[in-house]
Amino acid sequence: MSPRRSLTLIELLLVVFILAALAASAVSLAGDADGQSRIDLTELRRQQIHEAILGPAVSVGGAPVALGFVADMGRLPTSLRELIEPTDDAGAPLALAQASPVDGNLQGGWRGPYLPVQWEGSRAVFRDGWGTRRVALGSTDVDPGDVFDYGWDVPALTDAFDAVSLGRDGVAGGSGLDADVPTYPAPPNDHFRLVPADAWSHDFSGSPAPLTTAVTATLTLHNQRTTDLNPADVRVRIVVPSVGGASVDWTGTLWLSEAGTGSAVPPGDSATVEFVFPTSTPRLPVGTWSLEVVDATTGARVEPGRRLRLRARARSPLEWPSEPWVIQ
């Protein structure tokens with residue numbers, strides 16, 4: 001029977017080295033997997049912010065239709081807080097969903113929360129995959145901006161919205177797991193943003209050029225009254241949400257067009273009415289509008305309103321009714 005052989009010191013050190021290398025590799029792989037899962041979660045939450053603002057991907061006639069916050073409020077949110085709480089950045093309450101006083105069939109106002117709420121004690125938040133908290137420079141105290149954007153970088157943009165994660169370190173820039181999500185080219189163009197301007201609104205002023213569109217419509221009014229219908233008797237009215245306000249203002253954005261030109265329309269005859277948007281018409285939010293014929297003196301509807309939907313990124317974003325409007 002041969003004697004049992006013991007490990008030499010060199011062999012023992014080699015075994016320890018191999019085990020340490022395997023442990024380090026396992027830790028590294030686990031760290032990489034955890035980092036990638038946090039990046040994936042951040043991307044998912046950015047998509048949730050996108051859907052909170054525009055609603056789920058829905059199209060009509062091949063053109064996308066906006067729902068979500070912009071359809072309810074007629075504007076982009078000023079912070080992520082507005083997607084969770086009915087409160088603006090100044091602490092004032094946002095108007096809650098209600099029927100329009102102009103057209104009861106239209107609803108407007110805040111009907112959130114639009115994002116799945118995360119809770120930190122009694123505080124509702126929505127953080128990135130890293131759980132980033134913004135802290136004041138040179139301090140461990142939470143930055144006041146964290147109240148509004150929950151650790152995300154929400155830049156001040158014109159007619160667009162974005163929410164950028166600052167990565168693992170919570171500081172702008174960096175590389176690897178510390179890199180921002182997403183990392184934009186410098187300077188980024190607005191069409192790269194999470195919600196670019198042409199995804200939530202339409203520019204009726206004709207600028208920029210890709211958004212130019214015909215803003216004139218021809219409607220037919222059929223006179224079923226027993227008296228003549230004079231050109232100044234009725235007007236065509238469009239009711240749209242307000243733009244840029246803290247709430248939906250259904251009465252502040254009515255555009256009226258004189259109905260008909262020339263002589264009066266006898267009973268039983270029809271008149272062609274041209275509706276033209278004013279040249280000062282601004283960028284308007286996509287969504288459901290109300291198109292009506294109203295008494296020019298009282299403003300009362302003389303023909304039931306019809307739904308008119310403004311679609312984003314469409315050559316002809318407004319579809320006008322083709323059937324005659326009956327005036328009784």
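Residues numbered from 1 in each chain as written. Predicted model: local features only at pLDDT ≥ 70, side-chain atom pairs only at ≥ 80, totals over all residues. Heavy atoms only, no water.

A. The arrangement of the overall build of the chain in detail. Check the secondary structure of the chain and you find four helices and 15 strands. Relative to its 328 residues, the chain shows a buried fraction of 40%. Summed over all atoms, the accessible surface of the chain reaches about 17000 Å², with 56% contributed by carbon and sulfur. (Helix = DSSP H or I, 4+ residues; strand = E, 2+ residues; numbered from the N terminus. Buried < 20%, exposed > 50% of the residue type's maximum accessible area, 1.4 Å probe, protein only. Areas by Shrake-Rupley, 256 points an atom, 1.4 Å probe, with all protein chains shown as cover.)

B. Representation of the pattern of salt bridges in the model. Counting across every chain of the model gives twelve salt bridges. One salt bridge in this structure joins Arg133 and Glu120, with 2.8 Å as the shortest N-O distance. Taken together, the positions of Arg133 in the loop between strand S6 (123-125) and helix H3 (146-149) and Glu120 in strand S5 (residues 118-120) put the pair 13 residues apart, joining distant regions of the chain. Judged by relative accessible area, Glu120 falls into the partly exposed class, the value being 27%. In this structure, Arg123 engages Asp146 in a salt bridge whose closest nitrogen and oxygen atoms are separated by 3.3 Å. In this pair, Arg123 is assigned in strand S6 and Asp146 in helix H3, connecting sequence segments 23 residues apart. By relative accessible area, Arg123 is classed as partly exposed at 26%. Each of Glu120, Arg123, Arg127, Arg133 and Asp146 takes part in one network of salt bridges that share partners. (Salt bridge = Lys/Arg side-chain N within 4 Å of Asp/Glu carboxyl O.)

C. Highlighting the packing of aromatic side chains. One pass over the structure, following the stated rule, counts two aromatic pairs. With 5.6 Å between their ring centres and 70 degrees between their planes, Phe69 and Tyr114 make a pair best called edge-to-face. Taken together, the residues Phe69 in helix H2 (residues 68-73) and Tyr114 in the loop between strand S4 (107-108) and S5 connect sequence positions 45 residues apart. Exposure class is identical for Phe69 and Tyr114. Each is buried. Their ring planes at 90 degrees and their centres at 5.7 Å tell us that Trp110 and Tyr114 sit as a pair that is edge-to-face. Ring pairs connect the aromatic residues Phe69, Trp110 and Tyr114, which therefore count as one cluster. (Phe/Tyr/Trp six-rings, centres within 6.5 Å; stacked < 30°, edge-to-face > 60°.)

D. Region of the structure containing unusual backbone geometry. A cis geometry characterises the amide bond from Gly112 onward to Pro113, with omega recorded as 5 degrees. Structurally, Pro113 can be placed in the loop between S4 and S5. Between Ala186 and Pro187 the backbone carries a cis peptide bond, its omega angle lying at -10 degrees. Assignment of secondary structure puts Pro187 in the loop between H3 and helix H4 (197-200). One non-glycine residue, Tyr150, adopts positive backbone phi at about 55 degrees.

E. Summary view of a nonpolar patch on the surface. A surface patch of nonpolar side chains, amounting to about 610 Å² of accessible area, comprises Leu14, Val15, Phe17, Ile18, Leu19 and Leu22. Tracing the chain through its elements places Ile18 in helix H1 (residues 9-54). Among the residues examined, Ile18 registers a relative accessible area of 42% and is labelled partly exposed. (Patch = residues over 30% accessible without salt bridge, like charges linked within 9 Å, V, L, I, M, F, W, Y side chains within 5 Å.)

F. The nonpolar core, seen in detail. Among the nonpolar cores identified, the biggest contains 27 residues, and Ile49, Ile53, Leu80, Leu83, Trp152, Phe161 and Val195 are the most heavily contacted of them. The set of elements that each furnish at least two residues to this core consists of H1, H2, S6 and H4. Of the residues forming this core, the biggest block, four residues, is contributed by H1. Counting residues in each nonpolar core, the second largest holds 21 residues, with Val265, Val273, Val286 and Leu318 among its members. (Core = buried A, V, L, I, M, F, W, Y, C linked by side-chain atoms within 4.5 Å.)

G. Spatial organisation of the pairing of strand S14 (residues 301-310). The pairing of strand S13 (residues 287-295) with S14 spans seven bridges and is antiparallel. The residue bridging Val294 from the neighbouring strand is Arg301, located in S14. The loop that links S13 with its antiparallel partner S14 comprises five residues; one of these, Gly299, has a positive phi angle of about 80 degrees. (Pairing = 2+ DSSP bridges.)

H. Spotlight on the pairing of strand S9 (residues 234-239). With five of six residues buried, S9 lies mostly within the body of the structure. When S9 meets S13, the two strands line up antiparallel, connected through six bridges. Looking at the pairing, Arg237 lines up with Glu292 of S13.

I. Spotlight on the environment of Pro116. For Pro116, the position within the fold is in the loop between S4 and S5. Among the residues examined, Pro116 registers a relative accessible area of 43% and is labelled partly exposed. Measuring from C-alpha to C-alpha, the distance between Pro116 and Gln48 comes to 8.4 Å, with 68 residues separating the pair along the chain. Beyond its immediate sequence surroundings of up to four residues, Pro116 is in contact with Gln48 and Phe126. (Contact = heavy atoms within 4.5 Å.)

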